[in-house]
Amino acid sequence: MLCCLGLGFLLAAVYDLARFFLGSSKPVCFVLDLGAYLAAAVLLYSFAASRSYSGVVRWYMAAALLAGLAGYFFVLAPATRALQTAIKWVLSRPFVLLWLVALRPFGRLWRRLWRLTGQKMRAGAKKRRKKQLKSKAQVLYNSNN
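Residues numbered from 1 in each chain as written. Predicted model: local features only at pLDDT ≥ 70, side-chain atom pairs only at ≥ 80, totals over all residues. Heavy atoms only, no water.

Caption draft 1: Highlighting the overall build of the protein chain. The number of helices and strands found in the protein chain is three helices and zero strands. Secondary structure elements in the protein chain, listed N-terminal to C-terminal, are α-α-α. Looking at the protein chain as a whole, 19% of its 145 residues qualify as buried. Summed over its atoms, the accessible surface of the protein chain is roughly 12,500 Å², and 69% of this surface lies on carbon and sulfur atoms. (Helix = DSSP H or I, 4+ residues; strand = E, 2+ residues; numbered from the N terminus. Buried < 20%, exposed > 50% of the residue type's maximum accessible area, 1.4 Å probe, protein only. Areas by Shrake-Rupley, 256 points an atom, 1.4 Å probe, with all protein chains shown as cover.)

This is the structure in structure tokens:
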């Protein structure tokens, strides 16, 4: 029974680690849930086949596996989630610093130069445009000149 408890605890830890590395989007969680369910069934049946006298899964084995899962998720998971958040924060800091110090100012400079170049090109094109229409001649009627 203690082995099933440990198997449940181990399965929950592996599940939590997989969600840390693969993310927690809906498709990933669905696949991980299916995988955890199948892994729990395989672990339970393989343990029953190797340790039980009859080779049949007993109710207390399944209960111990579920208790191991619940023990991990209700007792240890909040601490590991805080640790995972701290690890992600520490690992992301060099990239955030690179963004703040180098990439964002360079992007602003590039955008400013692009605007100035565009303004100069538009001004030059406006100067180079040929007049398509002839100038209007003014005809003055009844003039004494």
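What follows picks up the thread again.
Caption draft 2: The arrangement of a nonpolar patch on the surface in detail. Together, Val 96, Leu 97, Leu 98, Trp 99, Leu 100, Val 101 and Leu 103 give the surface a local cluster of nonpolar side chains, amounting to about 650 Å² of exposed area. Following the sequence through the fold, Leu 97 ends up in helix H3 (residues 59-128). On the basis of relative accessibility, which here comes to 52%, the residue Leu 97 falls in the exposed class. (Patch = residues over 30% accessible without salt bridge, like charges linked within 9 Å, V, L, I, M, F, W, Y side chains within 5 Å. Salt bridge = Lys/Arg side-chain N within 4 Å of Asp/Glu carboxyl O.)

Caption draft 3: Spatial organisation of the pattern of salt bridges. Under the defined criterion, the tally for this structure stands at one salt bridge. For Asp 16, the salt bridge goes to Arg 81, with nearest N and O atoms at 3.0 Å. Of this pair, Asp 16 sits in helix H1 (residues 2-22) while Arg 81 sits in helix H3, placing them 65 residues apart in sequence. The exposure class of Asp 16 is buried, given its relative accessible area of 3%.

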